Amino acid sequence: MHLGVSESMRECEYSQISTRSSTPMETPYKKKTSKKRKWEIFPGRNKFYCGGRIMMAKQTGVFYLTLVLILVTCGLFFTFDCPFLALQLTPVIPVIGGVLFLFVLGTLLRTSFSDPGVLPRATPDEAADLERQIDVANGSTGYRPPPRTKEVVINGQTVKLKYCFTCKIFRPPRASHCSLCDNCVDRFDHHCPWVGNCVGKRNYRFFYMFILSLSFLTIFIFAFVITHIILRSHRNGFLNALKDSPASVLEVVVCFFSVWSIVGLSGFHTYLISSNQTTNEDIKGSWSSKRGKDNYNPYSHGNIFTNCCAALCGPLPPSLIDRRGFVQSDTPQLAPPTNGITMYGATQSQQSHMFSMESKPICDQDQCIQSTKFVLQAAATPLLQQQSSEPVILTASPENGGTLPGRSALTLGGPCTSLPLGQPTPPTSTPSLSCHEATDMLPIHGHSHTHNHSHPLQEPVAHHHFLTPEEVPSPPGMLHCGSPMGHSHTMQAGFYNLASQDSLHEDSVRGLVKLSSV
Amino acid sequence: MQGLVPTATDGNMATEFHNLQELRHSASLANKVFIQRDYTEGTTCKFQTKFPSELESRIERTLFEDTVKTLNNYYAEAEKIGGQSYLEGCLACATAYLIFLCMETRYEKVLKKIAKYIQEQNEKIYAPRGLLITDPIERGMRVIEISIYEDRGSSGSSSGSSSVSGSTAR
């Protein structure tokens, strides 16, 4: 627990850094208006303890199993085997065992309780800016945007950055979205249920130390329990030896089965560290020479020693999610004239409503339609003009047939335009396919993989997820299922410039009314 | 003039804004520019130095590039893998990471320096031009967010100078 506290204290210190740079006036102001800490409104599926200092995945059952196994086995070892061994051989044995045990426990807790390197989700402004850039890049020519990827050249190797629909960011290289925790994690290795957390950039070294020290501990206990039994059986015979210390049998069994998996895992991760790859990359064969002659790992430092040192002794980046910081309240402290205040409040609550709806991975036609109706009601109030999205979003519409605002048209209006214009509806098989794809994503959230590799499974589905609904013009209900995250944000972006686009406003409202009546 | 409302997400910005609010809403948030990360050298933290078009009329190119380059240098220093970081890593491992109860990691020290640098840049260069830089750490090290403020009432120079005097009054 010390280690969790030390980490937490560091984080506490860190969160003070950001406020120290601002005026003393600001701090009491913050505490006065909002008492909520950021971990309480964290959008991912994590559990927090000790006031946000400890962060774990949602399913922690297996972690407790790990803890129990280690504690029980070591407990039995120290209670039954160590006294005999200390007397017969040397008292150093329990000491070494004790040190190993404490190290294992420390690294386990450190791995489980720390932030693996979660990337915070994009702020609304960032997300809007990205959407704008994507539109510009695609030429806004239609309601079928291609898959959102960006290519970068890293040290001579072309790497594709994928857009994460949940977090609304282009994932940095080596980052991946964990569907179990619903977060993008930097340098995502895998989600480990044994440890009850993702393994990523910030806790990979602790994870490696844990499995390495656990292998030593397992081998140590195994060896000395066998020694104990042998020594006893020299004196009293084998069966009597077993009768005298029954705990040893249990320990041998546990250790025997653990040794293979844990030593194997340590070996595997040693290989990964020395070649500077993540489990993800290795499984997918991203840098394997089988993919192409010129395929090499652009992140490797060249030699094994440097790779190892960088992974284990390199600088530890700070947590980016500032769990213990206070939430900046939405009160109109930054406000403009009075009518702006209510608008701001309305838009903020609308935004938060939108985002809270997005973060629930529920593909429910009714809910999607309800959210549309909510937006319509909000749009009907003539005050909505308070976001920083540019009008460019709306003026791109003429190419779409002019009936609906461009951006909304891309995800919603595209299929909507098909309705008023009388275009043929697609075959009924596709709606079920797309909904199934979207809902297919959802069970992954809940399942625990024996394979521990959520990433490869999630990626192909994610691809389908944004390809299918946008490739095929489809009934709005299905499209809602397909892109619940895409549509509500763009709708809010679209609405916030309505005051300056009255005719488009009317058209969009008309279109959306049709949409919601379906 | 668009009366757009800024989002209250940044301590720095809230401060500036608090001061600006005292100036009877003489400036309001017009736009935000995001400087994205530059991944050409790998996953180390580095920002693109490309000058965004929205800032063309607001600030000189050289000043902007200097700021971004200095930030990049700071981050490179924080993430540098060399003798000192190895020493720190080994020491931390040997003490089971309890050493961090007493001392900060090098990264955290550099982050403090960065925060100070950004504050200083804001005061001296950006606020007088109606701009505000948000520390990238507040945005998950993904972007440098530069908020562009438009003057609404009185002249730009008065709000600019008052915001500077407001910040120096801390």
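Here the structure is a predicted model, which means the values were calculated and not measured.

Novice: Sorry if this is basic, but what is going on with the environment of A:His190 here?
Specialist: Residue and element names in this part refer to chain A. Counting through the fold element by element, His190 comes out in strand S9 (residues 190-192). A residue is classified by how much of its surface remains accessible, and His190, at 6% relative accessible area, is buried. Considering only alpha carbons, one finds His190 and Ser176, 14 residues apart in sequence, at a separation of 9.2 Å.

Novice: How do you make sense of the confidence of the model for chain A when you look at a structure like this?
Specialist: Regions with low pLDDT carry predicted coordinates that are not meant to be interpreted in detail. Residues and elements named next belong to chain A. Per-residue confidence for chain A gives a mean pLDDT of 69; residues scoring 70 or more make up 55%. Between residues 331-363, whose pLDDT stays under 50, and residues either more than four places distant or in other chains, the model counts 67 contacts. Taken together, the stretch residues 383-500 has pLDDT below 50 and engages in 230 contacts with residues farther than four places along the chain or on a different chain.

Novice: Can you help me understand unusual backbone geometry in this one?
Specialist: A negative phi holds for most residues other than glycine; trans holds for most peptide bonds. All names here are of chain A. In this structure, Asp182 is a non-glycine residue whose phi angle is positive, near 60 degrees. Relative to the assigned elements, Asp182 resides in the loop between strand S7 (176-178) and strand S8 (183-185). At Arg187, a residue that is not glycine, the phi angle is positive and equals roughly 50 degrees. Within the secondary structure, Arg187 is located in the loop between S8 and S9.

Novice: So what exactly am I meant to see when it comes to the sheet that holds S7(A) here?
Specialist: Strand pairing in a sheet takes place through backbone hydrogen bonds and is either antiparallel or parallel in direction. Residues and elements named next belong to chain A. Here 3 strands make up an open sheet; going across it, the order is S3-S8-S7 and the pairing antiparallel. Across the chains shown, the open sheet's two edge strands, defined by having one partner strand only, are strand S3 (118-119) and S7. By the bridge criterion, 2 bridges tie S3 to S8 in an arrangement that is antiparallel. Bridge pairing in S8 places Leu119 opposite Cys184.

Novice: Would you mind going over a nonpolar patch on the surface with me for this structure?
Specialist: Side chains of A:Val249, A:Val253, A:Phe256, A:Phe257 and A:Trp260 sit close together on the surface and give an oily, nonpolar patch of about 530 Å² of accessible area. By secondary structure assignment, the location of A:Val249 is in helix H8 (residues 246-275).

Novice: What exactly am I supposed to notice about the packing of helix H10 (residues 304-313) of chain A against helix H3 (residues 83-94) of chain B here?
Specialist: A pair of packed helices is captured by two measures, namely the crossing angle of their axes and the spacing between those axes. Orientation of H10(A) relative to H3(B), taken along the N-to-C sense of each, is 60 degrees, at an axis distance of 9 Å. The angle between H10(A) and H3(B) falls in the class oblique. Note on packing geometry: the crossing formed by H10(A) with H3(B) is left-handed. Along the contact surface, H10(A) presents A:Thr306, A:Cys309, A:Ala310 and A:Cys313, while H3(B) presents B:Ser85, B:Tyr86, B:Gly89 and B:Cys90. In the contact of H10(A) with H3(B), the residues fall into 5 nonpolar, 3 polar and no charged.

Novice: Is there a simple way to think about the sheet that holds strand S2 (residues 131-134) of chain B in this case?
Specialist: Residues and elements named next belong to chain B. In space, the 3 strands of this open sheet follow the order S1-S3-S2, with antiparallel pairing throughout. Both edges of this open sheet fall to strand S1 (27-36) and S2, since each of them pairs with a single strand only. Sheet twist, expressed as the mean angle between neighbouring strand axes with direction ignored, is 25 degrees. Where S1 meets strand S3 (residues 143-151), 9 bridges bridge the pair, whose relative direction is antiparallel. By the bridge assignment for S3, Ala27 is matched with Asp151.

Novice: Sorry if this is basic, but what is going on with H10(A) here?
Specialist: Given 3.6 residues per helical turn, the α-helix brings residues three or four places apart onto the same face. A:Asn307, A:Cys309, A:Ala310, A:Ala311, A:Leu312 and A:Cys313 are the residues of H10(A) that are buried. Turning to H10(A), the residues buried within the fold contact helix H6 (204-236) and H8 of chain A together with H3 of chain B. Among the residues of H10(A), the N-terminal cap falls to A:Asn303, whose side-chain oxygen and the backbone nitrogen of A:Phe305 are separated by 3.1 Å.

Novice: Help me out: how do you make sense of the state of the cysteines in this one?
Specialist: According to the stated counting rule, one finds 0 disulfides over all chains in the structure shown. Summary of cysteine pairing: A:Cys313 is not part of a disulfide, and the nearest cysteine sulfur, belonging to B:Cys90, is at 3.8 Å.

Novice: Sorry, what's going on with the nonpolar core here?
Specialist: Considering soluble globular proteins, one finds that nonpolar side chains tend to be buried as a cluster. Within the largest apolar cluster, 40 residues are counted, with the highest numbers of intra-cluster contacts made by A:Ile70, A:Phe77, A:Phe210 and A:Ile221. Of all the elements in the fold, those that place two or more residues in this core are strand S2 (54-56), helix H3 (61-88), helix H4 (92-113), H6, H8 and H10 of chain A. Sort the elements by how many residues they give to this core and H6(A) lands first, with 12 residues. Beyond its immediate chain neighbours, meaning those up to four positions away, A:Ile221 contacts A:Thr73, A:Cys74, A:Phe77, A:Glu251 and A:Cys255. Of all hydrophobic cores here, the second largest spans 37 residues; its members include A:Cys164, B:Phe51, B:Tyr126 and B:Ile146.

Novice: Mind showing me how you'd approach the packing of aromatic side chains here?
Specialist: Pairs of aromatic rings are described using the distance from one ring centre to the other and the angle between the two planes. Residues and elements named next belong to chain A. Tallying each qualifying case throughout the model produces 17 aromatic pairs over all chains. An angle of 35 degrees between the planes, with centres 6.2 Å apart, marks the rings of Phe222 and Phe256 as tilted. In this pair, Phe222 sits in helix H6 while Phe256 sits in helix H8, placing the two residues 34 residues apart along the sequence. Using a relative accessible area of 24% as the deciding quantity, one classes Phe222 as partly exposed. Between Trp287 and Tyr299 the ring centres are 5.7 Å apart and the planes differ by 75 degrees, which places this aromatic pair in the edge-to-face class. Of this pair, Trp287 sits in the loop between helix H9 (279-284) and H10 while Tyr299 sits in the loop between H9 and H10, placing them 12 residues apart in sequence. The class for Trp287 is buried, based on a relative accessible area of 13%. Here a set of aromatic residues connected by ring pairs shows up, and it is made of Phe77, Phe78, Phe101, Phe220 and Phe224. Above the face of the Phe170 ring, Lys150 is positioned so that its terminal group lies 4.8 Å from the ring centre.

Novice: Help me out: how do you make sense of the UniProt feature "transmembrane region" (unreviewed entry) in chain A in this one?
Specialist: The sites that carry the UniProt feature "transmembrane region" (unreviewed entry) are, in the present numbering, residues 62-80, 86-109, 206-230 and 250-274 of chain A. This span, residues 86-109 of chain A, is 88% helix and 0% strand, and a straight line between its end C-alpha atoms measures 29 Å.

Novice: How should the confidence of the model for chain B be read in this particular structure?
Specialist: Residue and element names in this part refer to chain B. On average, residues of chain B carry a pLDDT of 76, and 74% of them reach 70 or more. Low pLDDT, under 50, characterises residues 1-11; the stretch is placed with 43 contacts to residues that sit more than four places away or in other chains. Low pLDDT, under 50, characterises residues 154-170; the predicted model gives this stretch 28 contacts beyond four residues in sequence or across chains. If you check the scores for this complex, the pTM reads 0.64 and the ipTM reads 0.75.

Procedures and definitions
- Residues numbered from 1 in each chain as written.
- Chains lettered and ligands numbered in written order.
- Predicted model: local features only at pLDDT ≥ 70, side-chain atom pairs only at ≥ 80, totals over all residues.
- Heavy atoms only, no water.
- Helix = DSSP H or I, 4+ residues; strand = E, 2+ residues; numbered from the N terminus.
- Buried < 20%, exposed > 50% of the residue type's maximum accessible area, 1.4 Å probe, protein only.
- pLDDT = per-residue confidence, 0-100.
- Contact = heavy atoms within 4.5 Å.
- Pairing = 2+ DSSP bridges.
- Patch = residues over 30% accessible without salt bridge, like charges linked within 9 Å, V, L, I, M, F, W, Y side chains within 5 Å.
- Areas by Shrake-Rupley, 256 points an atom, 1.4 Å probe, with all protein chains shown as cover.
- Salt bridge = Lys/Arg side-chain N within 4 Å of Asp/Glu carboxyl O.
- Axes fitted to C-alpha atoms, helices over the stretch in contact; angles between N-to-C directions.
- Parallel < 35°, antiparallel > 145°, perpendicular 65-115°, else oblique.
- Left-handed = near helix turned anticlockwise from the far one by under 90°.
- Nonpolar A, V, L, I, M, F, W, Y, C, P; charged D, E, K, R; others polar.
- Polar contact = N/O pair within 3.5 Å; in protein donor to acceptor, adjacent residues only side chain to side chain.
- Disulfide = S-S within 2.5 Å.
- Core = buried A, V, L, I, M, F, W, Y, C linked by side-chain atoms within 4.5 Å.
- Phe/Tyr/Trp six-rings, centres within 6.5 Å; stacked < 30°, edge-to-face > 60°.
- Lys NZ or Arg CZ within 6 Å of the ring centre and 35° of its normal.
- UniProt positions renumbered as here; feature names shortened; annotations may be inferred.

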